[in-house]
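So the chains spell out like this:
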Amino acid sequence: MKHSIKELENIATVVRRDIVRMVHGCQSGHPGGSLGCTDFMTALYFDVMNHNPEFKMDGKGEDVFFLSNGHISPVWYSVLARSGYFPVKELATFRKLNSRLQGHPTTHEKLPGIRVASGSLGQGLSVAIGMAIAKKMDNESNLVFALLGDGELQEGQNWEAAMFAPHNSVDNLICTIDYNGQQIDGPTERVLSLGNLEEKFKSFGWHVITSNGNNMDDIVKALHYAKSLAFKGKPIMNIMSTEMGYGVDFMVGSHKWHGVAPNDEQLQAALNQLTSTENDY
Ligand SMILES: [Mg+2]
């Protein structure tokens, strides 16, 4: 491991501070899903992935990550900046006019780390499969990672991709679902039930694992286990349980903070719960 679990937890706290401050700074954005996926994104960028902050668009010779649920851009921008892709102070420009840090990631601003626009939901899995196939054609041993929201699985394109990857033995792909049971309009179970995701993906031919995305030890172990399953004939699906808003007690577990910014008092209350020895941006 590149970092101890304790070190990764400390980085995750710094990232959570970034998220609430970024969303507060522009009074818009999506703190809930960002906070829920912070432990996963920290584990990915600071331990699991072999990646190069001297960014190359084609991603050749390194592991590559795609974020399908692009609205949780605050957590992605924070881990990219904190792992050296661009200056940390640029996080202060989130969602501001002429910023490279748009509300939904795009390639237009040429922000290092971003290889495709996302946030039009339901498309990330297809993109990740395409990159994974390209890496296999190039005989690379590197992996492709993707993160999907659970709500966006209601979009049909995902299920075409879910069929395609096992059929074509895309076994250098590790996809994770942020299984928080929430989406912008309420609980996924009420909006449009996903049924038994584990059984669904198994029946499509994926190797399915489950994990707790808000326990650093568990998520790190799950992702390393997932890596050990690569190149064995099947794509890998990690169904990761998280709580939306994790780390801030008044945001946790509710879809109400999906796309709402904290006011001044709420920001302070959140920061008081996220104590850190690191410097803020
Ligand atoms: Mg969700």
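- Taking an unreviewed UniProt entry as the reference, the protein chain is identified by name as Transketolase belonging to Pedobacter flavus.
- Heading Sequence similarities (unreviewed entry) of the UniProt record for the protein chain holds this comment: "Belongs to the transketolase family."
- In its Cofactor (unreviewed entry) section, the UniProt entry covering the protein chain states "thiamine diphosphate".

### Observations regarding the UniProt feature "domain: Transketolase N-terminal" (unreviewed entry) in the protein chain
Right, so step 1: Here, the residues flagged by UniProt with the feature "domain: Transketolase N-terminal" (unreviewed entry) are residues 12–273.
Right, so step 2: Secondary structure content for residues 12–273 is 39% helix and 13% strand, while the C-alpha to C-alpha distance between its ends is 13 Å.

### Structural notes on the packing of helix H1 (residues 5–26) against helix H9 (residues 216–228)
Right, so step 1: Two numbers describe how H1 lies on H9: the axes approach to 10 Å, and their chain directions differ by 110 degrees. Our classification of the angle between H1 and H9 gives roughly perpendicular. In this structure, H1 uses Ile5, Leu8, Glu9 and Ala12 to contact H9, whose residues at the interface are Met216, Asp217 and Val220.
Right, so step 2: Here the contact of H1 with H9 is composed, by residue class, of 5 nonpolar, no polar and 2 charged.

Calculation notes
- Residues numbered from 1 in each chain as written.
- Predicted model: local features only at pLDDT ≥ 70, side-chain atom pairs only at ≥ 80, totals over all residues.
- UniProt positions renumbered as here; feature names shortened; annotations may be inferred.
- Helix = DSSP H or I, 4+ residues; strand = E, 2+ residues; numbered from the N terminus.
- Axes fitted to C-alpha atoms, helices over the stretch in contact; angles between N-to-C directions.
- Parallel < 35°, antiparallel > 145°, perpendicular 65-115°, else oblique.
- Contact = placed C-beta atoms within 7 Å.
- Nonpolar A, V, L, I, M, F, W, Y, C, P; charged D, E, K, R; others polar.

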